[in-house]
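Structural features, examined
Chain by chain, the residues:
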Amino acid sequence: MGSYTRKPSPGQLTIQSAPQAAAQAIREAIISGELRGGDRIIELKWATRLGIGQPTLREALHELEHQGLLSRLQQRGTYVTKLSPEDYRLIQEVHIPLETIAIGKAAENMTDEAEKELTTIVNAMAGKGMDDMDVRNFHDCDVAFHRRIWELAGNEYLRDTLEAITFRLFVFSVVGRWPGNPKALSERLVAVQEHLGILEGLRTRDKNLARQAFVKQTVQYWNMQYGLNLDEEELSFPAQHS
């Protein structure tokens, strides 16, 4: 599926093919800010840099295009996708209701160990992730936090759907976190507060309270950072009683 390579279970080995490794290298360049929305991918340059042939590189580009990170324009080449606020809004209209389901299930399945894991991830975001030169660490923590919740939900179809839908959000949300952006630190601080709020909801182990916290924190963050005007009430699930 078009998503991040899922972390292997203990004892498993993950072997990447040449196209997969090339795709990962270009993803890293997008995450780090080396490549930005609207930048053209020069095939010869990247093939030479990665030490691969252009046919192999094209396989990698096709994968990234499928994931929504690149866009191929006929007779013009391949460019890094540039999402507009409207794109973000449309993705969130699908993402928030689906992750709300996962949040409710995760709250019911929460364990002391899982709570400790999620707390460690958020602490890492608030600690070293605040380093202006460690955007990648912050990004990895963000991804790990949500993936752990999806795993706790215990529904592989829901997990895989969320992976596919939120992939672009994970990658392109680092735009405001790149070094040199005068608002980078404040954006990361707001993101940490968002994750702390979501975690507090999960700690209640009550699906309704957890869902309410998630929707509130997520809508507040995206409205504040991207001006999406998402409607919290419209995106909320009605409370469910056992």
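Being a predicted model, the structure only gives us computed values, none of them experimental. (Residues numbered from 1 in each chain as written. Predicted model: local features only at pLDDT ≥ 70, side-chain atom pairs only at ≥ 80, totals over all residues. Heavy atoms only, no water.)

1. Section: the overall build of the chain
Helices and strands together make up the secondary structure of the chain, namely 10 helices and three strands. Starting at the N terminus, the α and β elements of the chain follow one another as α-β-α-α-β-β-α-α-α-α-α-α-α. Per-residue burial over the chain gives 45% buried out of 242 residues. In the chain, 72% of the contacts between residues at least 6 apart in sequence involve partners at least 24 apart. Accessible surface, the chain as shown: approximately 12,400 Å² in total, 51% of it carbon and sulfur. (Helix = DSSP H or I, 4+ residues; strand = E, 2+ residues; numbered from the N terminus. Buried < 20%, exposed > 50% of the residue type's maximum accessible area, 1.4 Å probe, protein only. Contact = heavy atoms within 4.5 Å. Areas by Shrake-Rupley, 256 points an atom, 1.4 Å probe, with all protein chains shown as cover.)

2. Observations regarding the pattern of salt bridges
Pairs can form between side chains of opposite charge once their charged atoms are near each other. With the rule as written, the count across this model stands at 15 salt bridges. Arg89 is the partner of Glu86 in a salt bridge, and the nearest nitrogen-oxygen pair spans 2.5 Å. Within this pair, Glu86 and its partner Arg89 are both found in helix α4 (residues 85-109), separated by three residues, close to a single helical turn. Given a relative accessible area of 39%, Glu86 falls into the partly exposed group. Of the residues examined, Arg89 reaches a relative accessible area of 23% and is grouped as partly exposed. Two residues, Glu115 and Arg203, come together in a salt bridge whose shortest N-O distance is 3.4 Å. (Salt bridge = Lys/Arg side-chain N within 4 Å of Asp/Glu carboxyl O.)

3. Looking at the packing of aromatic side chains
Between two aromatic rings, the relevant description is the distance of the centres plus the angle of the planes. Here the structure, examined in full by the defined rule, presents five aromatic pairs. Ring centres 5.4 Å apart and planes at 45° place the aromatic pair Tyr88 and Trp222 in the tilted group. Highlighted residues: Tyr88 in helix α4 and Trp222 in helix α9 (residues 207-226), separated in sequence by 134 residues. Among the residues examined, Tyr88 registers a relative accessible area of 5% and is labelled buried. With a centroid separation of 4.8 Å and an interplanar angle of 50°, the aromatic rings of Tyr88 and Tyr226 are classed as tilted. With Tyr88 in helix α4 and Tyr226 in helix α9, this pair connects stretches of sequence that are 138 residues apart. Taken together, the ring pairs connect Tyr88, Tyr221, Trp222 and Tyr226 into an aromatic cluster. (Phe/Tyr/Trp six-rings, centres within 6.5 Å; stacked < 30°, edge-to-face > 60°.)

4. Overview of the nonpolar core
Ile26, Ile30, Leu35, Leu118, Phe145, Ile149 and Leu202 are the most contacted members of the largest nonpolar core, which has 61 residues in total. Sequence-distant contacts of Phe145, that is, excluding residues within four places in its chain, are made with Leu118, Ile121, Val122, His195, Ile198 and Leu199. (Core = buried A, V, L, I, M, F, W, Y, C linked by side-chain atoms within 4.5 Å.)

5. A closer look at the sheet that holds strand β2 (residues 70-73)
Across the sheet, three strands lie side by side as β1-β3-β2; this open sheet has antiparallel pairing. Of all the strands in the sheet, just β1 (40-41) and β2 have a single pairing partner and so form its edges. Of the strand pairs in this sheet, β2 and strand β3 (residues 77-80) are connected by four bridges, and their pairing is antiparallel. Following the sheet pairing, Ser71 is matched in β3 by Tyr79. Sitting on the sheet, helix α3 (residues 54-66) is in contact with β1 and β2, with an inclination near 110° to β2. (Pairing = 2+ DSSP bridges. Axes fitted to C-alpha atoms, helices over the stretch in contact; angles between N-to-C directions.)

6. Topic: the environment of Thr204
With respect to the helices, strands and loops of the structure, Thr204 is situated in the loop between α8 (184-203) and α9. Here Thr204 is in contact with Leu209 and Ala210, once residues within four sequence places are set aside. A polar contact is formed between the side chain of Thr204 and the backbone oxygen of Gly201, at a distance of 2.6 Å. (Polar contact = N/O pair within 3.5 Å; in protein donor to acceptor, adjacent residues only side chain to side chain.)

7. Some words on the packing of helix α5 (residues 112-126) against α8
Close contact between α5 and α8 brings their axes to 10 Å; oriented N to C, the two are set at 165°. With respect to α8, the axis of α5 lies roughly antiparallel. As for the relative orientation of α5 and α8, their crossing is left-handed in sense. On α8, the residues that touch Glu115, Leu118, Thr119, Val122, Met125 and Ala126 of α5 are Val192, His195, Leu196, Leu199, Leu202 and Arg203. For the contact of α5 with α8, the class distribution of residues is eight nonpolar, two polar and two charged. (Parallel < 35°, antiparallel > 145°, perpendicular 65-115°, else oblique. Left-handed = near helix turned anticlockwise from the far one by under 90°. Nonpolar A, V, L, I, M, F, W, Y, C, P; charged D, E, K, R; others polar.)

8. Examining a negative patch on the surface
The grouping of Asp231, Glu232, Glu233 and Glu234 at the surface amounts to a negative patch. Summarising the element assignment, Glu234 is placed in helix α10 (residues 232-235). (Patch = residues over 30% accessible without salt bridge, like charges linked within 9 Å, V, L, I, M, F, W, Y side chains within 5 Å. Lys, Arg positive; Asp, Glu negative; His and termini not counted. Charge placed at Lys NZ, Arg CZ, Asp CG, Glu CD.)

9. Examining unusual backbone geometry
Positive phi values are uncommon outside glycine, yet Gln75 reaches one of about 65°. For Gln75, the location among the structural elements is in the loop between β2 and β3. By relative accessible area, Gln75 is classed as exposed at 83%. Phi at Asn229 is positive, roughly 55°, even though this residue is not glycine. With respect to the secondary-structure elements, Asn229 resides in the loop between α9 and α10.

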